[in-house]
Amino acid sequence: MSGKSRKKSGNSLARRASRTLLAAVLVAPAVLVSSPTAQAASSDARALPGRFYSDGVNIRNAPRLNATVRGLGYRSHRITVHCGTPGPLETYWWRITNNTTGVRGYIVQEHGGPSSDPGRC
C-alpha cells in the first residue's frame, strides 16, 4: 500500500470518528431532556383529580413515613394524582401534585387520593 492511500484511509477514518462523536454529542442531550418529559407525559395521561381527606397532610419526597416532608395539604387544596405505589408496612402511597401550592410528592392513601385508581407508578 502506498503512503498516499494509507494517508487517505486514515483521514477517512478520522472523519467518520469525528462525525460519530459529533452525532453522539448532539443526540445525547436530546435523549436526556426528552426522557423525563416522556415519562411525565405517560404518567399524566392517566392522572386523575383528587382531594385531601383532612387538613395538614404531609406531602413527602418518597413513599415512606420517614421521608422528608416537602409541604402540607389541606381539604381546600386541589390535587392531581399521577399513580400509586406500595410502601413499607403495608402502606399505599399516591404520587401527587398539589395544584394549589405546586408541591409534588407522595401522600399516604388514608389521607387523600383520587375517585378511581390511576394505576401503579
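Note: the structure precedes this text.
Bear in mind the structure is a predicted one, so any value in this text is a computation, not a measurement.

A. Just the side chain of Thr85, in detail. Looking at where Thr85 falls in the secondary structure, it is placed in strand β4 (residues 78-86). Thr85 has contacts with Pro63, Thr91, Tyr92, Trp93, Tyr106 and Cys121, leaving out every residue within four places of it along the chain.

B. Structural context of the nonpolar core. In this structure, Phe52, Val57, Ile59, Ile79, Val81, Tyr92, Trp94, Ile96, Val103 and Ile107 together form the largest nonpolar core, which totals 10 residues. Mapped by element, the contributors of at least two residues to this core are β2 (57-60), β4 and β5 (92-98). Ranked by the residues each element gives to this core, the list is headed by β5, at 3 residues. Here Ile107 is in contact with Phe52, Val57, Asn58, Ile59, Ile79, Tyr92, Trp93, Trp94, Ile96, Gly112 and Gly113, once residues within four sequence places are set aside.

C. Fine view of a nonpolar patch on the surface. On the surface, Val69, Leu72 and Tyr74 cluster together into a nonpolar patch covering about 230 Å² of accessible area. The topology assignment puts Val69 in strand β3 (residues 69-73). Classification of Val69 by relative accessible area gives partly exposed; the value is 38%.

D. Local environment of the side chain of Asn98. Turning to its location among the elements, Asn98 is positioned in strand β5. Within the structure, Asn98 has its side chain in polar contact with the side chain of Thr101 (distance 3.3 Å). If sequence neighbours within four positions are ignored, Asn98 has contacts with Phe52, Ile59, Leu72, Gly73, His77, Arg78, Ile79 and Val103.

Reading guide: rules and limits
Residues numbered from 1 in each chain as written. Predicted model: local features only at pLDDT ≥ 70, side-chain atom pairs only at ≥ 80, totals over all residues. Heavy atoms only, no water. Helix = DSSP H or I, 4+ residues; strand = E, 2+ residues; numbered from the N terminus. Contact = heavy atoms within 4.5 Å. Core = buried A, V, L, I, M, F, W, Y, C linked by side-chain atoms within 4.5 Å. Buried < 20%, exposed > 50% of the residue type's maximum accessible area, 1.4 Å probe, protein only. Patch = residues over 30% accessible without salt bridge, like charges linked within 9 Å, V, L, I, M, F, W, Y side chains within 5 Å. Areas by Shrake-Rupley, 256 points an atom, 1.4 Å probe, with all protein chains shown as cover. Salt bridge = Lys/Arg side-chain N within 4 Å of Asp/Glu carboxyl O. Polar contact = N/O pair within 3.5 Å; in protein donor to acceptor, adjacent residues only side chain to side chain.

Function cannot be inferred from these measures alone, as they are strictly geometric.
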